[in-house]
Amino acid sequence: MYQLSKRTNDFTDSVIRRMTRISNQYNAINLSQGFPDFEPPMELKEGLVRAAINGPHQYAITWGAKNFRDALAKKYEHFSGIKVDPEEEIVVTCGSTEAMMATMMSIVNPGDKVIIFSPYYENYGADTILSGAQPIYVPLVPPTFDFDRDELEKAFVEGAKAIILCNPSNPSGKVFTYEELMYIADLAKKYDAFVVTDEVYEHIVYKPNKHIYMQSLPEMRERTIVCNSLSKTYSITGWRLGYVIANPEIIERVKKVHDFLTVGAAAPLMEAAVTGLEFGDEYYEDLAEHYAHMKEVFVGGLKRLGLKYTDPQGAYYVLVDVSEFGVKDDTLFCEWMIRNVGVAAVPGSSFFKEDVNHLVRFHFAKQDDTLNEALRRLSNLRELANNAIDVDWK
Ligand SMILES: Cc1ncc(COP(=O)(O)O)c(C=O)c1O
């Protein structure tokens with residue numbers, strides 16, 4: 001009898017995709033999986049048409065087409081103030097998902113420890129397992145999602161080689177403050193660890209919060225490895241364009257891992273996306289305003305319904321507190337909600353290492369009509385949930 005890899009034995013089915021499947025089955029409004037239901041900018045779609053006709057259609061340079069890296073370096077400098085060499089300090093990857101995996105494979109040895117804030121984006125768990133690392137989870141405690149500074153230092157003292165920092169954060173919506181980032185940076189320097197950032201929501205931040213680039217903090221340029229992508233910024237999650245930015249020595253290694261993993265990102269899509277990277281400030285201001293509007297529609301609606309939630313500072317998720325309904329099992333509750341309320345969310349327990357069962361995550365990167373219909377359905381939630389008898393989640 002054959003045996004499959006021990007390393008992947010414990011992988012579970014993605015809860016988010018499971019909720020999507022059930023949502024489709026019951027024709028519910030799917031606010032579980034985080035992707036927009038509106039169109040990307042016309043310039044990108046036109047660029048795609050041009051690339052379809054004129055190419056390129058063959059492999060690009062493995063670490064990314066030159067014009068794409070050049071445009072990326074300019075954009076990154078514009079927003080972060082950091083000048084990077086597009087030849088030596090950037091690798092273009094298949095989404096931030098590959099960026100994170102290639103980074104972990106490049107810096108971690110089996111048995112090395114990596115700090116992950118919990119709740120966390122589910123891929124980080126798999127990334128650490130695939131790279132052989134042992135995660136040390138440090139709680140971001142709801143509802144404020146602050147962390148205990150001593151507990152974080154303890155994790156570094158245990159010998160962590162790196163910390164993964166998702167900022168702005170999915171699912172908590174936390175945007176780390178300058179002071180918090182400085183504290184993390186100081187620990188990374190003190191204990192000689194890498195900071196691996198996931199900044200896919202860098203441009204989705206709600207005023208007065210501000211995104212601060214970890215790499216721009218004093219002496220952090222060398223030890224920060226930036227993982228990012230175009231998925232969220234240009235509403236092109238299906239294009240699979242991401243990147244790693246780091247110092248040349250790290251990038252040299254990431255280039256090799258990336259080459260063996262995927263050879264490269266899709267050449268015509270890189271070509272088409274260059275126009276996006278060259279957009280002026282106005283595009284990013286409009287994007288932030290658009291998200292502020294969607295947040296106002298959905299989160300404002302939750303407020304009017306009297307539901308308890310944590311106001312997100314960034315990204316496009318909101319965690320709703322469902323403890324008032326006596327929820328004991330949030331996964332079963334979410335399945336019930338799909339069937340009975342017609343709205344799909346993700347059980348918070350799938351993001352937390354701690355025993356947290358009272359939060360469910362909705363995303364709001366949706367058109368007004370979709371969000372308003374979801375709110376109309378959710379207006380029945382309290383009555384339905386309170387009157388529900390013989391349910392498996394109470
Ligand atoms: C925090 C975070 N990182 C990475 C990703 C995936 O990004 P990409 O599409 O670039 O692989 C997501 C997608 O939801 C995310 O929420």
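All values derive from a computational prediction rather than experimental measurement. (Residues numbered from 1 in each chain as written. Predicted model: local features only at pLDDT ≥ 70, side-chain atom pairs only at ≥ 80, totals over all residues.)

1. Some words on the site of the ligand
Taken together, 13 residues form the shell around the ligand, and within it G95, S96, T97, S229 and S231 come nearest. Ranked by residue count, the leading element in the shell around the ligand is helix α4 (residues 95–107), at three residues. Looking at the shell around the ligand residue by residue, the class counts come to three nonpolar, nine polar and one charged. (Near = placed C-beta within 6 Å. Helix = DSSP H or I, 4+ residues; strand = E, 2+ residues; numbered from the N terminus. Nonpolar A, V, L, I, M, F, W, Y, C, P; charged D, E, K, R; others polar.)

2. Comments concerning the sheet that holds strand β5 (residues 160–166)
Across the sheet, which stays open at both edges, the seven strands sit in the order β2-β8-β7-β6-β5-β3-β4 with mixed pairing between neighbours. On the outer flanks of this sheet lie β2 (90–93) and β4 (134–139), each paired with one strand and no other. The mean inter-strand angle of the sheet, taken between neighbouring strand axes irrespective of direction, is 20 degrees. Packed onto the sheet, helix α8 (residues 248–262) meets β2, β7 (224–229) and β8 (242–245) and runs at close to 25 degrees relative to β2. (Pairing = 2+ DSSP bridges. Axes fitted to C-alpha atoms, helices over the stretch in contact; angles between N-to-C directions. Contact = placed C-beta atoms within 7 Å.)

3. Section: the environment of S229
Locating S229 in the fold gives a position in strand β7. What makes S229 buried here is the crowd of 27 C-beta atoms within 10 Å. (Buried ≥ 20, exposed ≤ 12 C-beta atoms within 10 Å, placed from the backbone.)

4. Regarding helix α7 (residues 178–190)
Relative to the 18 Å expected for 13 residues at 1.5 Å per residue, α7 spans 18 Å between its end C-alpha atoms, a close match to the ideal helical length. Along α7, the residues that are buried comprise L181, I184, A185, L187 and A188. In a view along the axis of α7, the buried residues occupy a sector of 160 degrees, so they form one face of it. The exposed residues of α7 that point more than 90 degrees off its buried face are Y178, E179 and K190. Of the surrounding secondary structure, the elements contacted by the buried residues of α7 are α6 (149–157), β5 and β6 (194–198). (Expected span 1.5 Å × (residues − 1). Arc of directions from axis to C-beta.)

5. Remarks on the packing of helix α1 (residues 15–25) against helix α11 (residues 330–340)
For the pair α1 and α11, the least separation of the axes is 10 Å and the interaxial angle reads 25 degrees. The orientation of α1 with respect to α11, classified from their angle, is roughly parallel. Crossing geometry of α1 relative to α11 is assigned as right-handed. For the pair α1 and α11, the contacting residues are V15, M19, I22 and S23 in the first and T331, C334, E335 and I338 in the second. Looking at side-chain class alone, the contact of α1 with α11 contains five nonpolar, two polar and one charged residues. (Parallel < 35°, antiparallel > 145°, perpendicular 65-115°, else oblique. Left-handed = near helix turned anticlockwise from the far one by under 90°.)

6. Digging into the environment of Y213
Tracing the sequence through the fold places Y213 in the loop between β6 and β7. Residue class for Y213 comes out buried when judged on the 20 C-beta atoms lying within 10 Å of it. Sequence separation of Y213 and V341 is 128 residues, and the distance between their C-alpha atoms is 40 Å. Here Y213 is in contact with S80 and I82, once residues within four sequence places are set aside.

7. Quick notes on the sheet that holds strand β9 (residues 308–310)
Pairing within the open sheet is antiparallel, and its four strands lie in the order β9-β10-β13-β12. The open sheet has two edge strands, β9 and β12 (346–347), and neither has a second partner. Strand direction decides the pairing type here: strand β10 (residues 317–321) and strand β13 (residues 359–363), joined by five bridges, are antiparallel. Bridge pairing in β13 places V320 opposite V360.

8. Notes on unusual backbone geometry
In this chain, P142 is followed by P143 through a cis amide linkage whose omega measures 5 degrees. If you trace the backbone, P143 turns up in the loop between β4 and α6. The step from N170 to P171 runs through a cis peptide bond, and the omega angle for that step is 10 degrees. Within the secondary structure layout, P171 lies in the loop between β5 and α7.

9. So, the domain arrangement of the protein chain
According to the domain assignment, the protein chain contains domain 1 (6–40 + 282–384) and domain 2 (42–279). Taking only C-alpha atoms into account, the centre of domain 1 sits 24 Å from that of domain 2. At the junction of the two partners, domain 1 supplies 31 residues and domain 2 supplies 34 residues. If you list the elements that add at least two residues to the side of domain 1 that touches domain 2, you get α10 (281–304), β10 and β13. With seven residues, α10 is the single largest residue contributor to the side of domain 1 that touches domain 2. Looking at the side of domain 1 that touches domain 2 residue by residue, the classes come out as 20 nonpolar, six polar and five charged. (Domains from an automatic or database assignment.)

10. A closer look at the pairing of β4
Taken residue by residue, a regular strand's side chains alternate between the two faces of the sheet. Pairing of strand β3 (residues 113–118) with β4 involves six bridges; the strand directions are parallel. Paired with S118 across the two strands is P139, which belongs to β4. Note that the unit made of β3, helix α5 (residues 123–131) and β4 has a crossover that is right-handed. (Right-handed = clockwise from strand over helix to strand, strands pointing away.)

11. Quick word on the packing of α10 against helix α12 (residues 368–378)
Closest axis-to-axis distance for the α10/α12 pair is 10 Å, and the angle between their directions is 5 degrees. Taken as axis vectors, α10 and α12 run roughly parallel relative to one another. Of α12, the residues touching α10 (which contributes M294, V297, F298 and G301) are D368, L371, N372 and L375. Grouping the constituent residues of the contact of α10 with α12 by class yields five nonpolar, two polar and one charged.

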